[in-house]
Amino acid sequence: MATDLVIGFFTLTALEIVLGIDNLVFISILSDKLPAHQRDRARKIGIGLALVGRLALLGCISWIMALTEPLFTLFGHGFSGQSLILLVGGFFLIGKATYEIHESLEGEEDHAGSKVRAAFGAVLLQIVALDMVFSLDSVITAVGMIGDKPGGIWVMVAAVVIAVVVMLIASGPLARFVQSHPTVKMLALAFLLLIGTTLVADGLGFHVPKGYIYTAMGFSLFVEVLNIFARKRRAAARPVKLASRYSEEHGGSTGPAGPEGSDGSAEASGQG
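Residues numbered from 1 in each chain as written. Predicted model: local features only at pLDDT ≥ 70, side-chain atom pairs only at ≥ 80, totals over all residues. Heavy atoms only, no water.

## A word on the overall build of the protein chain
The following threshold applies: Strands here are runs of E lasting at least two residues and helices are runs of H or I lasting at least four, both read from the DSSP assignment and numbered beginning at the N terminus. For each residue, the accessible area found with a 1.4 Å probe, counting protein chains only, is set against the maximum for its type, and the residue is called buried under 20%, exposed over 50%, and partly exposed in between. For accessible areas, the Shrake-Rupley method is used with a probe of radius 1.4 Å. Any residue's cover is judged against the shown protein chains and nothing else.
Within the protein chain, the regular secondary structure consists of nine helices and two strands. Reading the protein chain from its N end, one meets helices and strands in the order α-α-α-β-β-α-α-α-α-α-α. Relative to its 272 residues, the protein chain shows a buried fraction of 38%. If you sum the accessible surface of the protein chain, you get close to 15,700 Å²; carbon and sulfur atoms cover 67% of it.

## A look at the side chain of Asp-202
The criterion, for reference: Residue contacts are counted whenever heavy atoms from the two residues lie within 4.5 Å of one another.
With respect to the helices and strands, Asp-202 occurs in helix α7 (residues 182-203). Since its relative accessible area comes to 18%, Asp-202 is described here as buried. For Asp-202, the contacting residues outside a window of four places in its chain are Leu-86, His-207, Val-208 and Lys-210.

## Remarks on α7
For clarity, the cut-off: By definition here, a helix of n residues has an expected span of 1.5 Å times n minus one.
Here α7 contains 22 residues, and its C-alpha end-to-end distance of 32 Å stays within 8% of the 32 Å for a straight helix at 1.5 Å per residue. Phi turns positive, to about 95 degrees, at Gly-205, one or two residues after α7.

## Re the pattern of salt bridges
For clarity, the cut-off: A pair is scored as a salt bridge if a Lys or Arg side-chain nitrogen falls within 4 Å of a carboxyl oxygen belonging to Asp or Glu.
On inspection of all chains with the given rule, the structure shows five salt bridges. In this structure, the salt-bridge partner of Glu-100 is Lys-96, at a minimum N-O distance of 3.1 Å. Of this pair, Glu-100 and Lys-96 are both found in helix α4 (residues 81-106), four residues apart, which corresponds to roughly one turn of the helix. Both residues of the pair, Glu-100 and Lys-96, count as buried. Here Arg-231 and Glu-224 are joined by a salt bridge, their closest N and O atoms 3.3 Å apart.

## Digging into empty space enclosed by the protein
The criterion, for reference: A pocket here means an open set of points on a 1 Å grid, computed over the protein atoms alone, that has protein on both sides within 12 Å along at least five of seven lines. A cavity is instead a set of points where a 1.4 Å probe fits but cannot get out; residues with an atom within 4 Å of a point line either one. Grid points are joined across faces, edges and corners, and a volume is the space filled by probe spheres set on the points. Here the term charged refers only to Asp, Glu, Lys and Arg, the term nonpolar to Ala, Val, Leu, Ile, Met, Phe, Trp, Tyr, Cys and Pro, and the term polar to all other amino acids, Gly among them.
By the definition in use, this model includes one cavity of 30 Å³ or more. Quantified by volume, the largest cavity comes out at close to 30 Å³. If you trace the largest cavity, you find it lined by Leu-19, Asp-137, Ile-195, Thr-198, Lys-210, Ile-213 and Tyr-214. Every element with two or more residues in the lining of the largest cavity is listed here: α7 and α8 (210-236). In terms of residues, the lining of the largest cavity owes the most to one element, α8, which gives three residues. Class assignment for the residues of the lining of the largest cavity results in four nonpolar, one polar and two charged.

## A look at the packing of helix α6 (residues 152-180) against α7
Let me state the cut-off plainly: A fitted line through C-alpha atoms serves as each axis, taken over the contacting stretch for helices, and the angle formed by two N-to-C directions is quoted from 0 to 180°. Roughly parallel means an angle under 35 degrees; roughly antiparallel, over 145; roughly perpendicular, 65 to 115; everything else is oblique.
Relative to each other, α6 and α7 sit at 105 degrees, their axes nearing to 5 Å. Put simply, α6 runs roughly perpendicular to α7. Note on element contacts: α7 touches α6 through Pro-182, Val-184 and Lys-185, opposite Phe-177, Val-178 and Ser-180. Classifying every residue of the contact of α6 with α7 gives four nonpolar, one polar and one charged.

## Regarding the environment of Glu-69
By secondary structure assignment, the location of Glu-69 is in the loop between α3 (61-66) and β1 (70-74). Separated by 10 residues in the primary sequence, Glu-69 and Phe-79 place their C-alpha atoms 8.2 Å from one another. Leaving out residues up to four positions away in the same chain, Glu-69 has contacts with Ser-80 and Gly-81.

## A closer look at the packing of α4 against α7
So the rule is basically this: Each helix crossing is assigned a hand: it is left-handed if the near helix lies turned anticlockwise from the far helix by less than a right angle, otherwise right-handed if that turn is clockwise.
Running from N to C, α4 and α7 point in directions that differ by 160 degrees, and their axes come no closer than 7 Å. Of the possible angle classes, the one that applies to α4 and α7 is roughly antiparallel. Crossing handedness for the pair α4 and α7: left-handed.

## Thoughts on the environment of Asp-137
Note on placement: Asp-137 falls in helix α5 (residues 120-146). What makes Asp-137 buried here is its relative accessible area of 4%. Separated by 58 residues in the primary sequence, Asp-137 and Ile-195 place their C-alpha atoms 9.5 Å from one another. With sequence-adjacent residues up to four places away left out, Asp-137 is seen in contact with Leu-19, Ile-195, Leu-199 and Lys-210.

Have a look at this one:
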């Protein structure tokens, strides 16, 4: 049993870190709407709320397990409290990710050409809603892996705390990385669409193994990292172009008269 808990701990910690990093990327995207002096504060508050939400839900495991009882049946499928929460959370992620993609590509700007800044409270409210969805998905994943094994609650708490600590350490560098690489931002929003679709599928009774989802996300991120390195290498490998006062157009002429009309006349006048 101890070996199962150790294996479950490392596996769950890895999954929680992946889910936490995606949560952090979206927190960074939301906080980027704020003025520069408020962004770090918003990220730290968002991470703190993520930890509080996860630990609070872990303290209500019995309540979460009880949510699996069907409340009503529709089209032959029983909907429980858990499935309804997953549906609402999944549709929220899909809608929010779609809106953010539209804002990033076709968002409005003010007359000065700078981005229109959002209010701190509005951004924080969106972060809280996002944390609730990710926290529920995180805890449901933890309960599904560890279950009611003796000592399992402490394994889940340890995995969640480690994941949040990683989020806290990576928050600043990751936010700067996302801001400087727009393709990574679009990829993170695509991940959010994928997670939202998975939650909706789970809510409708179609379970998608998280390993497949995280493997696809990891492979996509790996390919994008390779693309970033390739772009940097191409930029660094550009040949140095030496400056020349003579144009290469029209056979090396520097004026409309051509070589004879420019250099030739200059030589003739010099000889005269």
